[in-house]
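Read off the chains here:
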Amino acid sequence: MVLPAAVAGVAGHALCGVVAQTTCDECQNCFDFDSNATSNQTQPQHQDTSSKNPIPIDDSTRTFQQANKPAIPTKPKTSLGANRQESVALFAHPIVTRVETNEDASENDVEQNSPQKLKTSIHHQKDGDDSVVEVDYEGGDSTVASNQVVSGKSEFFIDGNFHYGKVRDIETQHFCYNIKFNLDSTILAIGMNNTGGVLLYETKTFSLLHTIERDDTVSALDWADNPFPDNDEEGTTHDDERSQLLAVGGFDGVVTIYSVVKGSRTKDLVTAIYDVRVKTDVMSMAFVKDNATNYAPHPLALVIGEMDGTVSLLLTDGELNQFASKSKMTKIDEHQNEVLAVAFGFVEDGIIMATGTKYGLVRVSALVLHNGEWKVSDLLFEYLRTGAIRALRFNHDSTSLIVGGYDKTVLLVDTYLWKVVHEIHVDGTVNTIEFDPFHRYLLLGTRSKILTVIDTSTHHPIKTFQTLGWVTCVTWGGDSMIAMRSDDKTVSLIKFEPIQSLGLILESSRGEECSMSWSYDGRFLARTHKNEVIINDSKKEFEEVSRLGQNDSVRDVKFCYAEGKRERLAIVGNDGFVRLFQLRISVGRIHVEPLASIFLEPNLWSVCWSTDGETIIAGGKGEMLHFICTKTYKPLHEPMKTGGRVKTIDSLSQAAQSDLGDFSTSIGLAITVGQNMAQIFDMNTYESSMEITRKRTVRCLRYHPTLPILAVGDGSNGIVIVDLVAERRVASFSVGGRVNSIDFSPAGDFMAVGSDACTFTIHETTSFKVVQEIPAKGFAMSVAFSGTSGQYLAIAHADGETDIIHLGPLLSIDCISPGVGVHELPEWALHEAIYRSPQGPPFLQRCMFEGSKESLVCAAKILKEFPNAVLTFDRTSGVGCFEFAVQLRKPNIMQLIMTTLVDGTLDSQNELSSSLLTTSMPIDGFLTLRDLILHHPPGFATDILRSMTFIKVPFVVPIKVRSEDIKECGSSHYTNPWDDKLRSINQQEAYQIDPKDQEILVPAVLPLPGLGTLDFLSVLIENTGPDVFDNDAMGLVLVVMWNAGVRNYFLIDFVLNIAFYILWVLFVDRSSSNTASVEHAVWAVTFLAWAVFLANIAFTVEQSIRLTRRQGKLFRSSWHQVDLACIILVYAYTILVILNDTSDNSYFHVSNYGPGNVPLGVISTLALTARFISLLRGFDRTGWLVSVLTQNFLDVRGFIVVIISILVGFTIAFRLLFADVKGECIVALEDSNNGLISECEGDPFGDIPRSLLSTFELTILGSYENSLLFDSNQSVLAAIVFITAVTVVLVVALNALIAVLGDSFSRVQENVTANRRRERAELIVEYLSMMPVRQRKQIEQSNQYFHALLASDGHGDLLVHKDDWQGGLNALKRELTEMTVSNSEMTHQAINQLREELKAEISGMMRNEITTILNDIFVEVKEISKSQRTGPLPPSKKVVSAVQAINGKFQKNFHPFDGIQRNFGALHTPMNDMTRTLLRPIRQLDNSVRGVLNINDTREENVDNNNINAETNEDDEFDEEDYP
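Structure report, in brief. This is a predicted model, so every value here is computed, not measured.

Another aspect to go through is the overall build of the protein chain. The secondary structure content of the protein chain amounts to 28 helices and 68 strands. Out of the 1524 residues in the protein chain, the part that is buried amounts to 53%. By sequence separation, contacts in the protein chain at least 24 residues apart represent 59% of the contacts at least 6 residues apart. As displayed, the protein chain offers around 66,700 Å² of accessible surface, 53% of which is attributable to carbon and sulfur atoms.

In this model helix H20 (residues 1248–1261) runs 19 Å from its N-terminal to its C-terminal C-alpha over 14 residues, within 8% of the 20 Å that 1.5 Å per residue would give. Among the residues of H20, those classed as buried are Ser 1251, Ser 1254, Thr 1255, Leu 1258, Thr 1259 and Ile 1260. Next to the buried residues of H20 lie helix H19 (1197–1218), helix H21 (1266–1271) and helix H22 (1275–1310). Near the N-terminus of H20, the side chain that reaches the backbone nitrogen of Arg 1250, with its oxygen 2.9 Å away, is that of Asp 1247. Just past H20, the residue Gly 1262 takes up positive phi, approximately 70°.

Attention shifts here to the environment of Thr 271. Its location among the elements puts Thr 271 in strand S14 (residues 270–277). For Thr 271 and Tyr 258, which are 13 residues apart along the polypeptide, the C-alpha to C-alpha distance reads 5.3 Å. With near-sequence residues (within four places) excluded, Thr 271 lies in contact with Ile 257, Tyr 258 and Ser 259.

Attention now moves to H19. For H19, with 22 residues, the first-to-last C-alpha span of 31 Å sits near the 32 Å given by 1.5 Å per residue. Those residues of H19 that fall on the buried side of the exposure criterion are Phe 1199, Ile 1203, Leu 1207, Phe 1210, Thr 1211, Phe 1214, Leu 1217 and Phe 1218. The buried side chains of H19 occupy one side of the element, clustering within an arc of 130° when seen end-on. The outward face of H19, more than 90 degrees from its buried face, is lined by the exposed residues Arg 1197, Val 1201 and Leu 1216. Buried positions along H19 lie against H20, H21 and H22.

Looking now at the side chain of Asn 226. Mapping Asn 226 onto the fold places it in the loop between strand S11 (218–225) and strand S12 (244–250). Overall, Asn 226 belongs to the buried group, its relative accessible area being 4%. One polar contact links Asn 226 to Ser 243, side chain to side chain, over a distance of 2.8 Å. With residues up to four places along the chain from it excluded, the contact list for Asn 226 reads Arg 242, Ser 243, Gln 244, Leu 245 and Ser 259.

Moving on: the packing of helix H11 (residues 921–935) against helix H13 (residues 1014–1023). In helix packing, the relevant descriptors are the interaxial angle and the interaxial distance, both defined with respect to the helix axes. Put simply, H11 and H13 touch, their axes get as near as 9 Å, and they point 30° apart. When the interaxial angle is binned, H11 and H13 end up roughly parallel. Relative to H13, the crossing made by H11 is left-handed. Across from Phe 926, Leu 929, Arg 930, Ile 933 and Leu 934 in H11, the residues of H13 making contact are Asp 1015, Phe 1016, Val 1019, Leu 1020 and Asn 1023.

As a further point, take the packing of aromatic side chains. Following the criterion strictly, the structure yields 36 aromatic pairs and no others. A ring pair is formed by Phe 1060 and Phe 1099, whose centres lie 5.2 Å apart and whose planes are at 80°; its orientation type is edge-to-face. Of this pair, Phe 1060 sits in helix H14 (residues 1032–1071) while Phe 1099 sits in helix H15 (residues 1082–1109), placing them 39 residues apart in sequence. Each of the two residues, Phe 1060 as well as Phe 1099, counts as buried. Every member of this aromatic cluster is reached through a ring pair, and the members are Trp 1042, Phe 1050, Phe 1054, Tyr 1061, Phe 1172, Phe 1179 and Tyr 1327. The side chain of Arg 566 reaches across the aromatic face of Tyr 520, ending 3.5 Å from its centre.

Parameters and conventions
Residues numbered from 1 in each chain as written. Predicted model: local features only at pLDDT ≥ 70, side-chain atom pairs only at ≥ 80, totals over all residues. Heavy atoms only, no water. Helix = DSSP H or I, 4+ residues; strand = E, 2+ residues; numbered from the N terminus. Buried < 20%, exposed > 50% of the residue type's maximum accessible area, 1.4 Å probe, protein only. Contact = heavy atoms within 4.5 Å. Areas by Shrake-Rupley, 256 points an atom, 1.4 Å probe, with all protein chains shown as cover. Expected span 1.5 Å × (residues − 1). Polar contact = N/O pair within 3.5 Å; in protein donor to acceptor, adjacent residues only side chain to side chain. Arc of directions from axis to C-beta. Axes fitted to C-alpha atoms, helices over the stretch in contact; angles between N-to-C directions. Parallel < 35°, antiparallel > 145°, perpendicular 65-115°, else oblique. Left-handed = near helix turned anticlockwise from the far one by under 90°. Phe/Tyr/Trp six-rings, centres within 6.5 Å; stacked < 30°, edge-to-face > 60°. Lys NZ or Arg CZ within 6 Å of the ring centre and 35° of its normal.

Encoded structure:
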């Protein structure tokens, strides 16, 4: 493959502003592209460079100016192959899959196992029925050497790739078929194909302990605790020698049980204790034990699945030496074909056994122990899938059975319902399923060469691992080690841990003087601390191993990564010396030996090793670059002038050099010089070969570990990634502040950045999106990945503290900012962050806890787009999202999470499952809703209940119903309650129904349970208004609860109240002093009195029960107050009647006539009438009328106060006007006809009470006589007052009353549904509270879930109409509200977009103008600094005019540069004072401009005013230290 044009010297193009300055005058002829070209090709004559004209990276002109530079020597065209170009092409673009390879593993990453002990081999020979076990001992070098363990140290990641977590690859001689960790994860057993046997590895260094030889393929492995005592000769058992049983089965039909004792001092490692042969091949095998606890019941049993479908059980009993004699083999089940999987679950009722076959049958049966033998009893579940069932596994508490196989689907079966409750689709046949020991993750190995990690809380994939072969078996070792078959002859070990801080605080230098460097293998960390270099050993928990003291501040430290010199360390500081040291390990001790000390120049700031380690490059404040030979420790070349202070030096990696060959020397070194460019040096000519310019000062740079790519960070918060070979920009991105440090991960797939944003960020290098954010203590100063191990990331804070971050394949949820947009994360990181439940608050809870606008918006997006994230929880505390929302006491958050639950978003679209009802979320949601109602404004609960919709009942299909069938009901479970009532239909029967009296409906259910309980309804009534009942959910709840038994209680109570009312009417009529008669029988009055009294006692008991069970909250309702008043009044009237009987003093018979108090009887009767009206709320035809009347009375309360005030005023006026008017008199005959008599009525306005009644008749009723007006002494005034009164009261006020009542009726009619339901709810609460507790509990339990039959869309899916129980007006209002909200959101988005566009346009215009003016100020400051010793200078007009030009761009009240104008006007002061004064406004100018451009350019507050930070003035290169 030919070299790119940039390499070939075709310098006619400039890509992205990267200028190649090593070109040839005859570029067409100076290179030989023949494949036979050699590396020792002669170079053309070099020419000097006359000028350099760098082009900015972001310059749109992209021009190129050729420089007279020498040609670059070439290498054979095959050396720069497709691998590098493909890698660069994929570097900044998303990668679909990543496949791990170890072809480039170095010698240091390969470890040969050559144990010194002899290897034990066990052979099996069959001779008839006799089994002979022979034990041979042979040398361990030949066989062991063929089973290599790749990767030198188990704690290091292969190739430093922590993202994949792979720490080892065990290469085997034969194909791997099965792997299994033992119970305590101290031994890994690997079953091999053909005659490879079983390899046993210890798990500390993964050295081969033993090989168990077999005659055929090992098809199954399983471990169990040895139930027999392990005693040595002295009768004692050592903990480290306790044996475990290993069962091994093969295709030869032989099953052998071995006793394995790791670390035994008195016994053999492996001992065969039983050997049995079954009829056909062993396809699966498992001990009868609980995989979560490793508990195995006695007697120990082993179940074997055979090729012919037989399921056999090997039962053991007795002592170890009697194992074979007392073991029994029995057949417990049989299938039609191969049994490929066996699993056991332990439930309350006993043990269940699940088997899976080749043709897709899953069978679950109960396994019972009867008379010392295990037998299969009841068939619990059978399910047929397409293709083979290859994996079965019960979860930790056996509540779920996980099934995987050929159909590329993983099924979750609920073992309580025996229904498929969830499906997980994967890409490829599922070969293996495994839970981790703490049930956090579920591993799925497939034939698509992928290991998928599922979080058990959300059942969503959070991580995938690419492999080279089928993943046929996976096993967990401990809490974080995964072993998987990743290829035919490879077992990969993955350290599955999250990124987390070690909690270590290491002291280091403060600010920019901090420097860190890891040794090549990542074991040692060297860092600067004032005048010292401290070295820590990561293998010993970062124990300090050495302190190297220097004469002055140490500024940089660097380990050499060149092969053969990786133990060397270089140090530079302000004393001007380069000091070299060598680390040597001897007898377990670490020695640091000095090699050389070379003085170059004062104030050295940076040091670097060349790619081959033959040269040390150093530079600093002297603006010179020194090249020192590491063999002679003498300069290789005269110091090179850099044009600025050398702050950072980095060299090309060895991997990139190996790929590029001789061309690598032309781009082998990169430096920063405190200016807006990075310089690339040719290590052959020691001259600059390329410049990369940026808008602001280049602050740091770093080479990619494997590619010729350079990352450059600058003061404008930007990082640019440059391909140095193709001379083009690969990518660019920004961070929140000035870039202080950059480092690539060892594999190059991640980049760590430290910036002035007070945050360390880790970016993936495909999209450069942030995947981790680590808060810094002040500015984030320095970052460094741990060599090639990829195990750690060291981060240095501005306050002098260094933290160590332990890396792993899982992200740290705590290091993902809650304010970040959900789509700003890469897809793989997004799913891991959202769907994973970590050891701490999950991402959704962190967004909820943050509480800022951005975090709440992020939480809302997550719940909208990834609703299953609500299933995550804190694995440390067990707190889920609902409980966490309650703890926060923030109603907006509670409403946000509850709406996601109740609006159907979480309802699974899978026809076989529902991911909502089969979880604990419904109960959590119910408790959250109750808490929200109790402690927060009612509007939140109203909105949630309005959003609640029906979801399809899981595991059901549409059913055919008749018009008279019940379509609403309650049940104790969310499953289909119509199973025994209505018949399900298939698709063909759907076309055979009679549309007249039949229809097809789908069973639906509300997502929350317990909505009809007394507690919930009481809370709802007491804390909310009628609007809360204006929704489908509460409508169904009230209908079901009313018909569930409450209605019967109501009817009984209604009949009793009617009977009592009749008794009362008869009693008061016969006992009242006005209506009593001698004709009334005494016994009848006595009976009525005591009947009313006893009935009232019954009502008293009823109200007492209600009051007690509702905890004193009964009388919050006005109807309950009426009930209490009725009871008291009835008692009062009845007792008075009995006590007033004085004829016989018996107080039992009522013998007197008319002892009843009339006023008390009237009031009591009216109160009982009101109570009777309250009972009419229970009927649909009268309930809404009661609501109307009640609301009318409430609405006219103000009107009544006003009209009474008016009547009182006119009453006094009319009394004054008509007080002398006498009542009407009439003449009539006496009864005896003896003469005439005169009868006169009372004066109508003779007193105030009579005047009030007369005024009421005049104004309200309009009843009056004309003579009344003329009989007054002031007839004219009387007429005027009368007309005014009639107009005000009869015309205006009463018409206003009609308007008020009409408006009240309209409001009641608008909310008629809500009001009627509230009345119904109050009745339900009343009667539930008076029921016997047992009966009430039974009703509540039988109606935990509320079901309805709703319309289907023809495909069996549910059609939910929000307006099923709502009025048309409410539906219209709701639609209008939704349209208004939608339009508001669209308008808001449009305004924000316009604002961003205007901001960008204005920012661009201001940036250009301010940049020009700042350049003028830059020139003036340089002139002032050079001439400061010559005396005072006159004010600079150019600077003053520039400042005025900037000031004119802003408003008059905004003067960011007044300080500059004032200080330039005072330049007559002594020059040293002028310099100090000048620097302060320049700093103000810099901060002001950065504030306008939205650039975070803060500085450390603790900088000494007498020691101006050089970085503050890096753009003008002016330092106060240069001038005394």
